[in-house]
Each structure stands twice: as C-alpha cells, then as structure tokens.
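Given next are the chains, with one letter for each unit.
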Amino acid sequence: MQVTLKFVDIGNEDLKLLVGMLDAYFQASWGDVAKSYAPHHDLAAMSCAVVAYADGKPVGCGCWKPYDAVTAEIKRMFVLPDYRREHVAAQVIRALEQHAAASGCHKAVLETGAEMPDAITFYEKQGYRMVANYGAFVDDEICVCMAKEISDGTMR
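Residues numbered from 1 in each chain as written. Predicted model: local features only at pLDDT ≥ 70, side-chain atom pairs only at ≥ 80, totals over all residues. Heavy atoms only, no water.

Student: So what's going on with the pairing of strand β4 (residues 71–79)? Which residues, and what values?
Tutor: Side-chain direction in a regular strand flips from residue to residue, so the side chains alternate between the two faces of the sheet. Burial runs high along β4: nine of the nine residues are buried. Of the pairings in the sheet, the one linking strand β3 (residues 57–68) to β4 comprises seven bridges and is antiparallel in character. Note on β4: the bridge partner recorded for D68 is T71. Between β3 and β4, which follow one another and run antiparallel, lie two residues. Running through helix α3 (residues 88–102), the crossover from β4 to the neighbouring parallel element strand β5 (residues 107–113) is right-handed. (Buried < 20%, exposed > 50% of the residue type's maximum accessible area, 1.4 Å probe, protein only. Helix = DSSP H or I, 4+ residues; strand = E, 2+ residues; numbered from the N terminus. Pairing = 2+ DSSP bridges. Right-handed = clockwise from strand over helix to strand, strands pointing away.)

Student: Just give me the short version of the sheet that holds strand β7 (residues 143–149), but keep the residues and values in it.
Tutor: Within the open sheet, the seven strands sit side by side as β1-β2-β3-β4-β5-β7-β6. Their pairing is mixed. Looking at strand neighbours, the two that pair on one side only are β1 (3–8) and β6 (129–131), the edges of this open sheet. The average angle at which neighbouring strand axes cross in this sheet is 30°, direction not considered. Bridging between β6 and β7 involves three bridges; their strand directions are antiparallel. Residue pairing for β7: R129 is matched across the bridge by A147. Sheet contacts for helix α1 (residues 13–30): β1, β2 (48–54), β3 and β4; angle to β3, the most-contacted strand, approximately 80°. (Axes fitted to C-alpha atoms, helices over the stretch in contact; angles between N-to-C directions. Contact = heavy atoms within 4.5 Å.)

Student: Explain the nonpolar core residue by residue, including any values.
Tutor: One finds L15 and I74 to be the most contacted residues of the largest nonpolar core, which totals 46 residues. Sorting elements by how many residues they give to this core places α3 first, with eight residues. I74 has contacts with C63, W64, I93, L96, A108, V109, L110 and Y128, leaving out every residue within four places of it along the chain. If you look at the next biggest cluster of nonpolar residues, it comprises six residues, including V109, Y134, C143 and C145. (Core = buried A, V, L, I, M, F, W, Y, C linked by side-chain atoms within 4.5 Å.)

What is shown is where atoms sit, not what they do.
So this is what it looks like as structure tokens:
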C-alpha cells in the first residue's frame, strides 16, 4: 500500500472528516467524559496538521501544537480501522516530529487514554516513554502521558 502524506491547514475538509470520526469514536467509547476533553483538541490551536492518503483516500491524520517554547504536543492522531497496523500512524507521527523539530522543538509530549493499550504500545514502539502527567492531565487517572526527545536543538 502506497501512503502519501500531505501537510494541510486546519480547515482542510479531509482533516475535519477524520477528526470527526475520532471524536465520534471517543464519544461512543466514553460518552460525556469525552466531551470534557474537547478544549484540549481544538484544531485552531494546532501548529501543524498532516493527513495520510492511500489511493487518494484520507486514511489517517495527526497534529501538533506548542506545549511550551521547546516542546510539541502531539494531538489528534487517528487512522481508519482498515488501515491500522499498516504503518500509517508511524509515518504521520514521524512527519509531525520532524516538523516540530524543524520548528525548534526538542521534545514531543502526548496524552492518551489509560484504557487504550494499543495506542500506548504504538507510542512506545515510536520511542515514547511514560512520564508524569503534565498540565491539565495532572491527577487525571484516565490519562497516560508520554514523552520523547525529537531533537538536540540544532535543527533551527
């Protein structure tokens, strides 16, 4: 399968379609609890968005936003179920990390659900390690936070 990545603006229709599917998944899985996390996922706050295409069809996405001056927060990672385990997500997250590093970030952080073992395993395979919950996720028992060094600071 040939996957093509495209950097898109936050108003991109394919990005909005995929993010809508991600939100629907969260709503179906966690109900109203998922709504409380919506402020953390605002596309308007994103610095970068990537959409993955297979045969011209949007099949995956991801974004990053600044957490602080040298840290990117990975957000909105999603791949359609039929395209999981095809390395789509790995390509998306690598593109996000490279963009963030080129933008001056040294580290990437992310938050995922403690009850999402496949997501946690995926991020571990990408080099992310568990860290203490940060920011709004401190003391949030349904979240797991992870981090990875993405640059030594020389990419600017």
